[in-house]
Amino acid sequence: MIKRVLVKTLIILIALPVVLFICSLIYSYYLFSTEPGVDIKIPRSLGHFGEMGNSKFDPKTILESVKRGEAEDLFQVESGYPEDPQLIAPNEWTQAEFLEVVTAVSQAVWKETLDDWNLYLMKYFSTCRNNPDGFSNAEFYFYKEVTVGESRMYSVRGIEIDPEYGYVIWGTGTWDPPFWGMWKIINLDQITVPVEDALMKAESDGGMGFRESVEYECKIWASMSPEIIHVPDWKILYESVLNDGINRVGRLYWIPPK
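Residues numbered from 1 in each chain as written. Predicted model: local features only at pLDDT ≥ 70, side-chain atom pairs only at ≥ 80, totals over all residues. Heavy atoms only, no water.

Each disulfide consists of one covalent bond between the sulfur atoms belonging to two cysteines. Evaluation of the coordinates by the stated rule reveals one disulfide. Each disulfide pairs two cysteine sulfurs, and for Cys-128 the partner residue is Cys-218, the sulfurs being separated by 1.9 Å. Because the torsion about its S-S bond is -120°, the bridge between Cys-128 and Cys-218 counts as left-handed. In this pair, Cys-128 is assigned in the loop between strand S3 (118–127) and strand S4 (137–148) and Cys-218 in the loop between helix H4 (195–213) and strand S7 (219–224), connecting sequence segments 90 residues apart. Here the two residues Cys-128 and Cys-218 agree in accessibility, since each one is buried. (Disulfide = S-S within 2.5 Å. Helix = DSSP H or I, 4+ residues; strand = E, 2+ residues; numbered from the N terminus. Buried < 20%, exposed > 50% of the residue type's maximum accessible area, 1.4 Å probe, protein only.)

Listed below in structure tokens is the structure:
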């Protein structure tokens, strides 16, 4: 009996420093891999990228041009954000239409498709209108594992498309991968409820009534990111600013993607 106790005590004494060492590595990773006040462990906006570019396009013709395979001639690459974009016309696109332009942007800017890249975040935006059937702005974020020197890194690309103002913005950068595992990805082939259908479901669940109650003075956000939101569903948010200009009211709906 005494021998067993001694063996167990010895095992604990040996294992404890190992466990503490592993915990300290994890703590150090999350403590020092992020700048104070800036979430850079996983980019979720174009403002997180150091290298930026943009191009204007004609929203009346771009979808047909993309279908004809004219990606190389569609975009005139400029650095940074677009200067003073102006509203061209109200415009709402479907998820498939946005993704067609995303593919064209990748071919024009990086000379490759995104087939080998992992999609981890989609964001859509629109102002409230009567009978919405799509979105007027969307962002897509992709990553791929690369080797930089002797380190494992994630190469990340973000693309924002705005058919109302006729511009596209992209950003690129590298990020540290998680301590273990990988960022959760979105498998488009498994999504049977695209974002416009998720919006219609949210409309029937109360979103339409909310829009009417605030006299269409509201905005709609839709997003999907199993890594950031921690659920695989569509997140549909309606939000309106009250008359005081500070407080907000809204409705949130979670819509399964299939």
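Past the structure itself, the notes keep going.
Now for unusual backbone geometry. The phi dihedral of Asp-84 is positive, around 45°, even though this residue is not glycine. As for its placement among the helices and strands, Asp-84 is situated in the loop between strand S2 (78–79) and helix H3 (95–109). Positive phi values are uncommon outside glycine, yet Tyr-216 reaches one of about 65°. Note that Tyr-216 resides in the loop between H4 and S7.

Caution applies to low-pLDDT regions: their predicted coordinates should not be interpreted in detail. Of all residues in the chain, 84% have pLDDT values of 70 or greater, and the mean over the chain is 86. Note on residues 18–39: pLDDT under 50 across the span, and 18 contacts to partners over four residues away in sequence or across chains. (pLDDT = per-residue confidence, 0-100. Contact = heavy atoms within 4.5 Å.)

A word on the sheet that holds S2. The antiparallel open sheet is built from nine strands, whose spatial order is S2-S1-S6-S5-S4-S3-S7-S8-S9. Of all the strands in the sheet, the pair left with one neighbour each is S2 and strand S9 (248–255). In terms of strand pairing, strand S5 (residues 151–162) meets strand S6 (residues 167–175) through nine bridges, oriented antiparallel. Of the residues in S6, the one forming a bridge with Ser-155 is Thr-174. The strands that H4 touches are S3, S7, strand S8 (234–241) and S9; relative to S8, the one it contacts most, it runs at about 35°. (Pairing = 2+ DSSP bridges. Axes fitted to C-alpha atoms, helices over the stretch in contact; angles between N-to-C directions.)

What follows deals with H4. Helical geometry: 3.6 residues make up each α-helical turn, so side chains three or four residues apart lie on a common side. The first and last C-alpha atoms of H4 sit only 23 Å apart over 19 residues, clearly below the 27 Å expected at 1.5 Å per residue. Taken as a whole, H4 carries its principal kink of about 75° at Ser-204. A positive backbone phi angle near 55° is found at Glu-215, which sits one or two residues after H4. (Expected span 1.5 Å × (residues − 1). Bend = angle between axes of the 7 residues up to and from the residue.)

Moving on, we get to the pairing of S4. Here seven bridges tie S3 to S4, and the two strands are oriented antiparallel to one another. Its bridge partner being in S4, Lys-123 is matched across the sheet by Glu-139. Hairpin connection from S4 to S5: two residues lie between these consecutive antiparallel strands, with Gly-149 at a positive phi of about 65°.

In this section: the nonpolar core. Judged by nonpolar contacts, the single largest core of 48 residues is most densely connected at Phe-75, Tyr-124, Phe-140, Trp-234 and Ile-236. When neighbours within four sequence positions are excluded, Tyr-124 is seen to be in contact with Gln-95, Phe-98, Phe-135, Asn-137, Ala-138, Phe-140, Val-195, Ile-220, Trp-221, Ala-222 and Trp-234. Residues Met-52, Leu-121, Tyr-143 and Val-156 belong to the second largest nonpolar core, which totals 15 residues. (Core = buried A, V, L, I, M, F, W, Y, C linked by side-chain atoms within 4.5 Å.)

Further remarks concern the packing of aromatic side chains. Applying the stated criterion across every chain, the model contains 19 aromatic pairs. Ring geometry for Tyr-143 against Trp-183: centres 5.0 Å apart, planes inclined by 65°, an arrangement best described as edge-to-face. Linking Tyr-143 in strand S4 with Trp-183 in the loop between S6 and H4, this pair joins segments that are 40 residues apart in sequence. Like Tyr-143, the residue Trp-183 is buried in the burial classification. (Phe/Tyr/Trp six-rings, centres within 6.5 Å; stacked < 30°, edge-to-face > 60°.)

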